[in-house]
Amino acid sequence: MASSRSSPSGPRRGAGIFHKERDDPRLRVRSLPDVCPKEPTGQGRGLCGGPSVVAEHEPWTVYSSKVNLPAALNDPRLAKRESDFFTKTWGLDFTETEVAQCSHLPSITRDDFSHYLQETAQRERIHERCKAICPNKDVDSVSSVNINHDKTRSELEQVPKIFMKPDFALEDPSTFNAVLPWSHFNNAGGKSSRDVASSKLLQEKLSHYLDVVEVSIARQISLRSDAFFHAMSSQHELQDRLQNTQRAVSVLRQRTADIDRVMCRGPLSALRSALTRNNCVKLHNKLKLMAAVHQTQPTVQLLLSTSEFVGALELIATTKEVLQQELQGIHSFRHLGSQLCELEKLIDKMMVEDFSIYARSDLNRNLRDEPQVLEKERLESLVFGLLRQRKLDFLDIYNEEMISAAKAIVNQCVADCVLQIEEIDTEVVTKLADQMRVMMFPQWFDLLKNVFECFLLFLQRIKSTLSVIRKVVLEALDSHQKHQALEVTVSNPSEVSQNALQLQGVAELAYLTHEGLFISDALNEAKHTEQSAAQERESRQQDAAQTAGGANNLSAENMMPSELELNRVLNNLQEALFSASDVSHDRCVKLLTARAKDGSLERLSSAEFVCLSRAVEQFVRDTEELSGRRSVSLRGALQTQANRFVHRFHEERKTKLGLLLDNERWKQAEVPAEFQDLVNSIGDGRISLPERKLSGPDDKKPTEFLLVNGQKYAVVGTVLLLIRMFLEYCQCVNDIPSISTDMLTRLSDLLKHFNSRSCQLVLGAGALQVVGLKTITTKNLALASRCLQLVVHYIPLIRAHFETKLQPKQFSVLRHFDHITKDYNDHIAEISAKLVAIMDSLFEKVLSKYEVKAPMPSACFRNVCKQMAKMHEAISDLLPEEQTQMLFLRINASFKMHLKRQLSRLGVINDGGPQHGLVVVDVAFYTENIQVLKSLERLDLNMAEIWEQKR
């Protein structure tokens, strides 16, 4: 830097002081990004002709130049700074120019970095906080740069700010005076040694400022020198690559022209010859096809003579298709299409008539001797033909014939049965319904079972026939679905031709690339494809004409019904089977109602109606198993008859129970062994009537009580019959489950009737007038209570039995048993209250006359004890111990209440006086007499309650 200050003249511009040699071979190896749009060029003195500055062993610094740049730029000899310093030296191209945007690169804006900035913003803030808290420690390289930067910064700060201003100009007097204060040198007395020293000091200071600025500028230039020189080298490499690309494009165009001239024009002529040959083959095949079509009508007549409808229809359809596609516009065949249409309509009528004849003969033949399916091949051929012609209403014909056949079955069965009964004169009784009503029940029941059997055979035959039809429809549906899958694979013929053209193109390309090795194979393949197509069209005509057993082959898929229509036919087949089942049930319903018109079915015995119900239920289950559908007509008719039967059944038993109650004298009855066995079977879980046993010498004798689960029940004869009655109701439910709800309601009514009627007769004293009893005794009351308790014991068992026969949605009717149980318990409680009330009135009458005086025990207490003993004697054998004890506790409470009231009226208190002593004697007598009674030994009478409490 001293040299720069000592050389005021500065360096000469244009001498190439910044150039380096470009002889180093390593310059070609480096590939850097293109950061400079154009390489600067000069006129003999630019960088293009100068040495390379890219590859050096050491980085270029300000000290590498002969004269530093700041000294050249701050030449004091120049009047002003030159703005064209660099362009003068290195040419006009050195000036900064605007870089044109590349069309292949997208426009980059700040929005493209928004996502990155959002992701790094948080980390940047954390980083800044960490830097503020923990500043980085000095590292060798970083610290040296920072130290140099700080040092430079501190040195620059020593330079006065006036030199840094943009409007700095020494021409301005104020600026000049601020920089060079001449007031120090212009003294009046002349120059002194102090002034000389001041001027030298000022010169040194300005020189120091100059050195600081030059060093800072040199450092900034040295930091950016490498990128500049690297950009120059990348520009040269780009130009080399562009030249190589231009030469490669020229070579490629020349080779393409050679290929077109040498290898394409010759094969085209060979392809034209092959096309001409193929046209000749097509003409020959067309003539053969016309010959085959000419034989269509004679072949159709031959097929119709053998009832091969499907084969004839296939031939007609194929011929029509060929006429429309292959032979369209040929004058000699202009009338053939209309003739084939008329012939097709004739075949449609023939098939419908033939199917009607087949259905009639199939349904009216013998049910037991003939096979299930009649002429299976003929049926399949007819169904295929009807489906092919979209005659989908053929099942309606079958349904009509089926209804007629069902009527004929019933008439035939009735006629055969009447012929076997000599008592019926067919000339007098002509109508079938009247003939059935004349029959005895066993005869009519045999007739009904015969009808059921015939209808089961009838349904089996229909199901077998419909199964054959269903199989045909399923085959047609499967064929239709396969055809659809094929259409999905090859959606249209243009794709097939496109694939063929692609294959042909591949063969031609193979010929071009392998010098004709595969051209013959490609031509042969095209020829083979065309011939096979023609042969296929011809074979379709010949196959349709020659196939007699090919009626099941549906080749013309476009003529078949759609998938939706075929599925509808399948549904109609199932509905036809359902309809057959319904028709059979309807005919049986008419048979049933004809018999029940005069009420004969209502008068059947329980066993007979159960047999009828079982037969009907079995027939219904069998038909449901065959058809897979639940029929309701026959069940409904049976239910109607069952309701009538239940009504009569219930009215008979209700009337019988009313008669039994009206004749009941309410005395304890002996229990026959039959009823004890009946109760035992109920205890074993069998809620049904056991089989009646014939009386024999070993029969058990009747017992005094009825044993139920170890408990003794004293009962009247009506209750025993009532038990048998509700078992009959349960047995009917077992045999006829459909009447469970109705039977439960009727049984509830029967139990309510027994409860209300027994209450009227016993509690209401109706037995005095009905039976002629003199009075209703306590024994009658206790016996009635025990009978009610027995019925209450069996109500839960009856409820559980009915619950197993009902559907869950019918469980609400079980609440009737809850109401009945409550009514019975209320009745039992009223009887107990009546027994207490009887003794209560006795105590009130006797104790109102009680006087405390000798002799003791008093007559009043003797009378009370006597009545209590009679009460105990009347009920102790009828009621269990627990009930007896509870009853006497209530009676004792009533006695204490009346005694306490009488003592209070008499003014006797427990003061230990004479009257108190007399009362104690009577009470002790009463207690002894009560506790001596059976099962009352430990009864706590608590007689201390008769005395008023002292206040």
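Note that this is a predicted model, so its numbers are computed, not measured. (Residues numbered from 1 in each chain as written. Predicted model: local features only at pLDDT ≥ 70, side-chain atom pairs only at ≥ 80, totals over all residues. Heavy atoms only, no water.)

(A) Representation of the overall build of the protein chain within the structure. Along the backbone of the protein chain there are 29 helices and two strands. Here the protein chain holds 951 residues, and 38% of them are scored as buried. Considering only intrachain contacts with a sequence separation of at least 6, the fraction spanning at least 24 residues in the protein chain is 80%. Surface summary for the protein chain: the accessible area is close to 56,600 Å², and the carbon and sulfur share equals 53%. (Helix = DSSP H or I, 4+ residues; strand = E, 2+ residues; numbered from the N terminus. Buried < 20%, exposed > 50% of the residue type's maximum accessible area, 1.4 Å probe, protein only. Contact = heavy atoms within 4.5 Å. Areas by Shrake-Rupley, 256 points an atom, 1.4 Å probe, with all protein chains shown as cover.)

(B) Examining unusual backbone geometry more closely. For the peptide bond that leads from A854 to P855, omega is 0°, which places it in the cis range. Within the secondary structure layout, P855 lies in the loop between α26 (815-847) and α27 (859-875). With an omega of -5°, the peptide bond between M856 and P857 qualifies as cis. Despite not being glycine, N709 has its phi angle at roughly 55°, a positive value. With respect to the helices and strands, the residue N709 is situated in the loop between β1 (706-708) and β2 (711-713). Judged by its relative accessible area of 64%, N709 falls in the exposed class. Residues other than glycine seldom take positive phi values, yet N942 does so here, at roughly 50°. In this structure, N942 sits in the segment after α29 (914-931).

(C) Molecular detail of the packing of helix α22 (residues 717-735) against helix α23 (residues 740-761). Between α22 and α23, the shortest axis-to-axis distance is 9 Å and the interhelical angle comes to 170°. Here α22 is positioned roughly antiparallel relative to α23, judged by the angle of their axes. When α22 is examined against α23, the residues T718, V719, L722, M725, F726, Y729, C732 and V733 are found in contact with a partner set consisting of S740, M743, R746, L747, L750 and F754. Looking at the contact of α22 with α23 residue by residue, the classes come out as 11 nonpolar, two polar and one charged. (Axes fitted to C-alpha atoms, helices over the stretch in contact; angles between N-to-C directions. Parallel < 35°, antiparallel > 145°, perpendicular 65-115°, else oblique. Nonpolar A, V, L, I, M, F, W, Y, C, P; charged D, E, K, R; others polar.)

(D) Region of interest: the side chain of E624. Mapped onto the elements of the fold, E624 is located in helix α19 (residues 606-627). The residues touching E624, leaving out its near neighbours within four places in the chain, are R629, R630, S631 and R635.

(E) Inspection of the packing of helix α18 (residues 563-596) against helix α20 (residues 633-662) at higher detail. Closest axis-to-axis distance for the α18/α20 pair is 8 Å, and the angle between their directions is 25°. Here α18 is positioned roughly parallel relative to α20, judged by the angle of their axes. In this structure, α18 meets α20 at a crossing whose hand is left-handed. Between α18, through D582, H585, D586, C588, V589, L592 and A596, and α20, the contact on the second element is made entirely by S633, L634, A637, L638, Q641 and R644. Taken together, the residues that form the contact of α18 with α20 break down as seven nonpolar, three polar and three charged. (Left-handed = near helix turned anticlockwise from the far one by under 90°.)

(F) Fine view of a nonpolar patch on the surface. Residues I108, F113, Y116 and L117 make up a contiguous nonpolar surface patch of roughly 420 Å² in combined accessible area. The residue L117 is located in helix α4 (residues 114-133) in this model. What makes L117 partly exposed here is its relative accessible area of 37%. (Patch = residues over 30% accessible without salt bridge, like charges linked within 9 Å, V, L, I, M, F, W, Y side chains within 5 Å. Salt bridge = Lys/Arg side-chain N within 4 Å of Asp/Glu carboxyl O.)

(G) The nonpolar core, seen in detail. Among the nonpolar cores identified, the biggest contains 198 residues, and W444, F458, L612, I723, F802 and Y926 are the most heavily contacted of them. Sorting elements by how many residues they give to this core places helix α15 (residues 441-489) first, with 20 residues. (Core = buried A, V, L, I, M, F, W, Y, C linked by side-chain atoms within 4.5 Å.)

(H) Representation of the environment of V791. Of note, V791 is situated in helix α25 (residues 778-805). Overall, V791 belongs to the buried group, its relative accessible area being 3%. The spatial distance from the C-alpha of V791 to the C-alpha of I723 is 7.9 Å, given a sequence separation of 68 residues. In this view, V791 contacts L722, L751, F754 and Y824; residues no more than four positions away in its chain are not counted.

(I) Quick look at helix α9 (residues 296-305). Residues of α9 that are buried include every one of T296, T299, V300, L303 and L304, and no others. Axial view of α9: buried residues confined to an arc of 135°, hence all on one face. Away from its buried face by more than 90 degrees, α9 exposes L302 and S305. (Arc of directions from axis to C-beta.)

(J) Fine view of the pattern of salt bridges. Evaluated as defined, the whole model comprises 20 salt bridges. Residues D662 and R757 are paired through a salt bridge, measuring 2.7 Å at the closest nitrogen-oxygen approach. Placement of D662 in helix α20 and of R757 in helix α23 is noted, with a sequence separation of 95 residues between them. Taking the shortest distance from any N to any O, the salt bridge between D818 and R799 comes out at 2.9 Å. Taken together, the residues D818 in helix α26 and R799 in helix α25 connect sequence positions 19 residues apart. With relative accessibility at 26%, the residue R799 sits in the partly exposed group. Put simply, R648, E652, R653 and E728 are held in one network by salt bridges that share partners.

(K) Representation of the packing of aromatic side chains. Applying the stated criterion across every chain yields a total of 16 aromatic pairs. Ring geometry for Y850 against F861: centres 5.2 Å apart, planes inclined by 65°, an arrangement best described as edge-to-face. One end of the pair, Y850, is in the loop between α26 and α27; the other, F861, is in helix α27, with 11 residues separating them in the sequence. Take Y850: its relative accessible area is 1%, and that puts it in the buried class. The positively charged end of R786 is found above the aromatic ring belonging to Y713, 3.8 Å away from the centroid. In this structure, R862 is placed above the aromatic ring of F925, and the distance from its NZ or CZ to the ring centre is 5.6 Å. (Phe/Tyr/Trp six-rings, centres within 6.5 Å; stacked < 30°, edge-to-face > 60°. Lys NZ or Arg CZ within 6 Å of the ring centre and 35° of its normal.)

(L) Fine view of the confidence of the model for the protein chain. When pLDDT is averaged along the protein chain, the result is 77, and 76% of the positions lie at 70 or above. Mean pLDDT across the secondary structure elements of the protein chain bottoms out at helix α1 (residues 2-6), with 39, and peaks at α26, with 94. Scored below 50 in pLDDT, residues 500-524 shows 12 contacts in the model against residues more than four places distant or in partner chains. Low pLDDT, under 50, characterises residues 544-557; the stretch is placed with 27 contacts to residues that sit more than four places away or in other chains. (pLDDT = per-residue confidence, 0-100.)

(M) Layout of the environment of D622. Inspection of the secondary structure puts D622 in helix α19. In sequence terms D622 and L456 are 166 residues apart; their C-alpha atoms lie 7.5 Å from each other.

(N) Here's a closer look at the side chain of T623. In this fold, T623 is placed in helix α19. Overall, the relative accessible area of 0% leaves T623 in the buried class. A distance of 2.9 Å separates polar atoms of two side chains, one belonging to T623 and the other to H585. (Polar contact = N/O pair within 3.5 Å; in protein donor to acceptor, adjacent residues only side chain to side chain.)

(O) The environment of N663, seen in detail. Mapping N663 onto the fold places it in the loop between α20 and α21 (673-683). Given a relative accessible area of 60%, N663 falls into the exposed group. As for N663 and T718, which are separated by 55 residues in sequence, their C-alpha atoms are 9.2 Å apart.

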